[in-house]
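Structure assessment
Chain by chain, the residues:
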Amino acid sequence: MIFFSITSLLAVIDINNATSDELLKLNGIGKAKSQKIIAYRDINQCFKTIDELASIDGISEKIVSSNRAILTLGICKKSTDSTNVYRSNFVDVLLDPVNMAFVLIIFILGLLDQITGKDLKSQIVSIGVLGTFVGIFIGLQGFNPNDIVNSVNDILLGLKTAFFTSIVGMSVSTILSIIQKFKVKIEN
């Protein structure tokens, strides 16, 4: 009896700080569900109640009940270094293949605008706007109206592409307009 109690005390799993491997020790939780728990925790700044686990797609109240005795809510140790989070997210946006393709097309058009003297600024803005719609489309592919909480991450990833491509397209077009005006002033 004492051995069982000591073992139970050592087997407590803090859902606010547990790693994927630690979550795998829970009944009914496999690799995919452990990743969903961590993703939910990251998006929502940790769990406020143990019952909140049941709001994650694939984790039923039955699974929560069967594990309740070994679950605990520890102090949320989520990193508050927003500088590192911003850099990481911005780098991810820059290195996203879809974003890189749109940026490459926009810069090629900008270069052609300068080399040929043809006005391609409206095409550059159009490519940026096209990127907006592509980003929204990408984000909506993972959207599940029956599981909005777990769909948020996919939508946000798509919106990053949407806004990034628009910003790049409009910025390049604006810079080209300014360069063109300076060239006209210099020629006169």
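Coordinates for the structure precede this section.
Okay, so let's go over this structure. (Residues numbered from 1 in each chain as written. Predicted model: local features only at pLDDT ≥ 70, side-chain atom pairs only at ≥ 80, totals over all residues. Heavy atoms only, no water.)

**A word on helix α7 (residues 121-141)**
- With 21 residues, α7 ought to run about 30 Å at 1.5 Å a step, and its terminal C-alpha atoms sit 31 Å apart, in line with that.
- Turning to α7, its buried residues number three or more, namely Lys121, Ile124, Ile127, Gly128, Gly131, Thr132, Gly135 and Gly139. Angular distribution of buried residues about the axis of α7 spans 155°; they occupy a single face of the element. Counted as exposed and oriented over 90 degrees from the buried face of α7: Phe133, Phe137 and Gln141. (Helix = DSSP H or I, 4+ residues; strand = E, 2+ residues; numbered from the N terminus. Expected span 1.5 Å × (residues − 1). Buried < 20%, exposed > 50% of the residue type's maximum accessible area, 1.4 Å probe, protein only. Arc of directions from axis to C-beta.)

**What to know about unusual backbone geometry**
- Backbone geometry places glutamine 45, a non-glycine residue, at a positive phi of 60°.
- Positionally, glutamine 45 belongs in the loop between α3 (31-44) and α4 (61-67).
- Look at cysteine 46: it is not a glycine, yet its phi comes out positive at around 85°.
- Tracing the backbone shows cysteine 46 in the loop between α3 and α4.

**Overview of a nonpolar patch on the surface**
- Together, Val129, Phe133, Ile136, Leu140, Phe143 and Ile148 make up an exposed nonpolar region whose accessible area comes to about 540 Å².
- Inspection of the secondary structure assignment puts leucine 140 in helix α7. (Patch = residues over 30% accessible without salt bridge, like charges linked within 9 Å, V, L, I, M, F, W, Y side chains within 5 Å. Areas by Shrake-Rupley, 256 points an atom, 1.4 Å probe, with all protein chains shown as cover. Salt bridge = Lys/Arg side-chain N within 4 Å of Asp/Glu carboxyl O.)

**Overview of the side chain of asparagine 16**
- In this structure, asparagine 16 sits in the loop between β1 (13-14) and α2 (20-23).
- Within the structure, asparagine 16 has its side chain in polar contact with the backbone oxygen of glycine 74 (distance 3.0 Å).
- When near neighbours in sequence (up to four residues on either side) are disregarded, asparagine 16 contacts Arg41, Cys46, Phe47, Leu73 and Gly74. (Polar contact = N/O pair within 3.5 Å; in protein donor to acceptor, adjacent residues only side chain to side chain. Contact = heavy atoms within 4.5 Å.)

**So, the nonpolar core**
- Grouped together as the largest cluster of nonpolar side chains are 17 residues, with contacts concentrated most on Ile15, Leu23, Ile37, Phe47, Leu53, Ile56 and Ile59.
- Considering every element that reaches this core, the biggest residue donor is α3, with 3 residues.
- Contact partners of isoleucine 37, with chain neighbours within four places excluded, come to Leu23, Ile29, Phe47, Leu53, Ile56 and Ile59.
- Counting residues in each nonpolar core, the second largest holds 12 residues, with Ile106, Ile127, Val172 and Leu176 among its members. (Core = buried A, V, L, I, M, F, W, Y, C linked by side-chain atoms within 4.5 Å.)

**Quick look at the packing of helix α6 (residues 97-116) against α7**
- Between α6 and α7, the least distance of the axes is 9 Å, while the angle of their chain directions is 175°. Compared by their axis directions, α6 and α7 come out roughly antiparallel. Two secondary-structure elements touch here, α6 through Val98, Phe102, Ile105, Ile106, Leu109, Gly110 and Asp113 and α7 through Lys121, Gln123, Ile124, Ile127, Gly128, Leu130, Gly131, Val134 and Ile138.
- Tallied by class, residues from the contact of α6 with α7 come to 10 nonpolar, 4 polar and 2 charged. (Axes fitted to C-alpha atoms, helices over the stretch in contact; angles between N-to-C directions. Parallel < 35°, antiparallel > 145°, perpendicular 65-115°, else oblique. Nonpolar A, V, L, I, M, F, W, Y, C, P; charged D, E, K, R; others polar.)

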